Amino acid sequence: MLLKFEVFGKAMSVKRVDNEWHLFIDSNTGLRTRVYDVVIPNELLESELARYLGDIFHESARGDNTEVVRLN
C-alpha cells in the first residue's frame, strides 16, 4: 500500500517494501522519485509516519505550509 502525505506543501509517499519503509517525492505529472538520503526506521508504525516526516523535514515549514497531512 502506498501512503500519501503532504509534507509542508510537498507531495510525498511512503511504501513498505520487504519490511522497510521507502520514501518518495511525488510530482504533479505522476512521477515518483525515491529519496535515498532519508531513512525511516523499520520499526516505525504506519500511524507514526506523519510525525516522523514532520521531524525530518521541519525546516521546510514556511508560510502557509506548516503541517504534515496524510492524504489517504
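Sequence order as written defines the numbering, with residues in each chain counted from 1. For a predicted model such as this one, the threshold for reporting local features is a pLDDT of at least 70, and the threshold for listing and counting side-chain atom pairs is 80 or more; totals across whole chains, interfaces and linings nevertheless cover every residue. With hydrogens and water stripped out, all remaining heavy atoms of the structure feed into the side-chain values.

## Brief notes about the overall build of the chain
Okay, so step 1: Numbering goes from the N terminus for both helices and strands, where a helix is a DSSP run of H or I of at least four residues and a strand is a run of E of at least two. Across its full length, the chain carries 1 helix and 5 strands.
Okay, so step 2: Along the chain, helices (α) and strands (β) appear in the sequence β-β-β-β-α-β when read from the amino end.
Okay, so step 3: At 12 Å, the chain has a C-alpha radius of gyration in line with the 11 Å of a compact globule built from 72 residues.
Okay, so step 4: Along the longest, intermediate and shortest principal axes, the C-alpha atoms of the chain span 35 × 25 × 25 Å. For a compact globule the rule gives 2.2 Å times the number of residues to the power 0.38, and the radius of gyration it is set against comes from C-alpha atoms.

## Some points on the nonpolar core
Okay, so step 1: We call a set of buried Ala, Val, Leu, Ile, Met, Phe, Trp, Tyr and Cys residues a nonpolar core when their side-chain atoms join them within 4.5 Å. Whether a residue is buried, partly exposed or exposed follows from its accessible area with a 1.4 Å probe, protein chains only, as a fraction of its type maximum: under 20%, in between, or over 50%, in that order. Counting 16 residues, the largest nonpolar core has Val14, Leu23, Ile40, Leu49 and Phe57 as its most contacted members.
Okay, so step 2: Contributions of two or more residues to this core are made by strand S1 (2-7), strand S2 (10-17), strand S3 (20-26) and helix H1 (49-56).
Okay, so step 3: We call two residues in contact when some of their heavy atoms are within 4.5 Å. For isoleucine 40, the residues in contact, after removing those within four places along its chain, are Val14, Trp21, Leu23, Leu49 and Tyr52.

## Quick word on the packing of aromatic side chains
Okay, so step 1: Put simply, two rings from Phe, Tyr or Trp (the six-membered ring, in Trp's case) pair if the centres are within 6.5 Å, and we call them stacked under 30 degrees between planes, edge-to-face over 60, tilted for the rest. On inspection of all chains with the given rule, the structure shows 0 aromatic pairs.
Okay, so step 2: Both a distance and an angle decide whether a charge sits over a ring: NZ of Lys or CZ of Arg must be within 6 Å of the ring centre and within 35 degrees of the ring normal. Against the face of tryptophan 21 rests arginine 16, its NZ or CZ located 4.6 Å from the ring centre.

## Quick look at unusual backbone geometry
Okay, so step 1: The backbone of aspartate 18 sits at a positive phi, close to 50°, despite the residue not being glycine.
Okay, so step 2: Here the phi dihedral of asparagine 19 falls at roughly 65°; this positive angle occurs in a residue that is not glycine.
Okay, so step 3: Looking at where asparagine 19 falls in the secondary structure, it is placed in the loop between S2 and S3.
Okay, so step 4: According to the relative accessible area criterion, asparagine 19 is exposed, its value standing at 53%.

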